[in-house]
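Below, each chain spelled out in residue letters.
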Amino acid sequence: MSSSTITPTRIIETPAGEMTAAILYGREDIRIVQVPVPHAGPGELIVRVSAALTCGTDLKIFRRGYHALMIQPPALFGHELAGVVAEVGPGVTGFAPGDRVVPINSAPCGECYFCERDQENLCEDLLFNNGAYAEYIRIPARVVAKNTLHVPAHIPLEYAALTEPLACALHGFEDSNPHAGDIVAVIGGGPLGLMIMHVAALAGCKVVAIVRHDGQAVAARALGAAHVIQTMPGDDSVEAVRALTPGGRGVDIAIEAVALPETWEQAVAMVRNGGVVNFFGGPEAGTEIRLDTNRLHYGDLTLKATFHHTPAICRRAFALIEEGKFQAARFITGHVPLSALNQAFLELLNRSNHASHIKMAILPHPADEHADHPEPHVHASAAEALP
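Residues numbered from 1 in each chain as written. Predicted model: local features only at pLDDT ≥ 70, side-chain atom pairs only at ≥ 80, totals over all residues. Heavy atoms only, no water.

(A) Layout of the sheet that holds strand β5 (residues 75-76). Across the sheet, three strands lie side by side as β3-β2-β5; this open sheet has antiparallel pairing. Since the sheet does not close on itself, it has two edges, and those belong to β3 (29-36) and β5, each with one partner. Sheet topology note: the strand β2 (residues 18-26)/β5 ladder contains two bridges and is antiparallel. Opposite Leu24, over in β5, you have Ala75 as the bridge partner. (Pairing = 2+ DSSP bridges. Helix = DSSP H or I, 4+ residues; strand = E, 2+ residues; numbered from the N terminus.)

Right under this line is the structure:
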């Protein structure tokens, strides 16, 4: 690139010195520390984080202490966010200081074997970006160029932060080859399971929700589930699901969003002949299941799994939020300061006592708490709820 096309770095409010950030050191070991404030290099942005959302993947990383693809400790942590551009690096022309943005957590290379085959979620050089649980975050040039979206003024930034998980849910649903009127069973009432239920209902499908906790059952109904089956540990929901289908044949699509071997097997058992099973939940490496090959072959079943998202899917997900079709407010059920991140994770892991929580909005700048997010559907914060 010639020097005539490079714009100078522009700064709006990025301070010098240090900022508060969460660092993952290992299993259930997150430390809120002071680190240097990042500054933008060529093609990069620095975003002042307005809200960073808790995520099921982050909970798994917190519990396990690492993620083979996304993060190796010690490292900055968190990946669902929205905020305001604070600094624009040389060469960036599509963004300016003060712009409201949602930077997605990854970007494909666009050149590898999989990118050339429109499978960008499987990119061999997929670039992940972490560090949302902080006052400021650096957005790499590739993410700026491929996967950072402008947020209109009428969209609360915490709603915009839902774009990345919604893109994963939308990808899983679309990847299951749905049609309006299909009966879709979704196993799991976590954030992504609830999002899949909601997008399926918005698409005109009849949703059967299989959940564990009271709060999940309430949320599933509010998000469009036609039937809710609430299970207890050890329950087999297959017959209950089949009883809701014509002739007891089974559902057209079964989507597993729990990541347990038993629920993977249940998904296969509850789908009709000719149906589709999507293993959306990702178990730990080395997990094995048992399947009846006769059932797979003579039932003409399609088994598939869906991982991550693509820039195009992220834009479709954001459109659902922007158009007001997606009930964003129902998914953010608490607000806590960055200092309470550990407590928030422990609360979310303890689903039996706090199953009404779906996602927490982590606020690195507590003084902003009432500036950009509305009040409906907000429950007690983690800091308030814990003794």
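(B) Structural context of the packing of aromatic side chains. All told, the structure shown has seven aromatic pairs when counted by the stated rule. Centroid distance Tyr113 to Phe114: 5.1 Å. Interplanar angle 80°. Geometry classified as edge-to-face. Overall, Phe114 belongs to the partly exposed group, its relative accessible area being 24%. Note on Trp264 and Phe279: the rings are 4.1 Å apart at their centroids and 10° apart in plane angle, and the pair reads as stacked. Taken as a pair, Trp264 in helix α8 (residues 261-270) and Phe279 in strand β16 (residues 271-279) lie far apart in primary sequence, 15 residues in all. Taking relative accessible area as the criterion, Trp264 reaches 17% and is therefore assigned buried. Residue classification places Phe279 among the buried residues on the basis of a relative accessible area of 8%. Linked through ring pairs, Phe62, Phe77, Tyr133 and Phe345 together constitute an aromatic cluster. If you follow Arg31 out to its NZ or CZ, it ends over the ring of Tyr25, 3.9 Å from the centre. (Phe/Tyr/Trp six-rings, centres within 6.5 Å; stacked < 30°, edge-to-face > 60°. Buried < 20%, exposed > 50% of the residue type's maximum accessible area, 1.4 Å probe, protein only. Lys NZ or Arg CZ within 6 Å of the ring centre and 35° of its normal.)

(C) A look at the state of the cysteines. Counted according to the given criterion, the structure contains zero disulfides. Its sulfur unpaired, Cys112 is 3.7 Å from the next cysteine sulfur, which belongs to Cys115. Classification of Cys112 by relative accessible area gives buried; the value is 9%. (Disulfide = S-S within 2.5 Å.)

(D) Just the pairing of strand β13 (residues 206-211), in detail. Of all the six residues making up β13, five are buried; the element is thus mostly covered by neighbouring parts of the structure. Bridging between strand β12 (residues 183-187) and β13 involves five bridges; their strand directions are parallel. Bridged to Ile187 within β13 is Ile210. Here four bridges tie β13 to strand β14 (residues 227-230), and the two strands are oriented parallel to one another. Across the sheet, residue Val211 finds its bridge partner in β14, namely Gln230. On the question of chirality, the crossover connecting β13 to the parallel β14 by way of helix α6 (residues 214-222) is right-handed. (Right-handed = clockwise from strand over helix to strand, strands pointing away.)

(E) Broad picture of the packing of helix α4 (residues 163-174) against helix α5 (residues 191-202). Here α4 crosses α5 at 60°, and the two axes come no closer than 9 Å. It follows that α4 is oblique to α5 by the angle criterion. As α4 runs across α5, the sense of the crossing is right-handed. On the side of α4, the interface is formed by Pro165, Leu166, Cys168, Ala169, Leu170 and Phe173, while α5 contributes Leu192, Met195, Ile196, Val199 and Ala200. Taken together, the residues that form the contact of α4 with α5 break down as eleven nonpolar, no polar and no charged. (Axes fitted to C-alpha atoms, helices over the stretch in contact; angles between N-to-C directions. Parallel < 35°, antiparallel > 145°, perpendicular 65-115°, else oblique. Left-handed = near helix turned anticlockwise from the far one by under 90°. Contact = heavy atoms within 4.5 Å. Nonpolar A, V, L, I, M, F, W, Y, C, P; charged D, E, K, R; others polar.)

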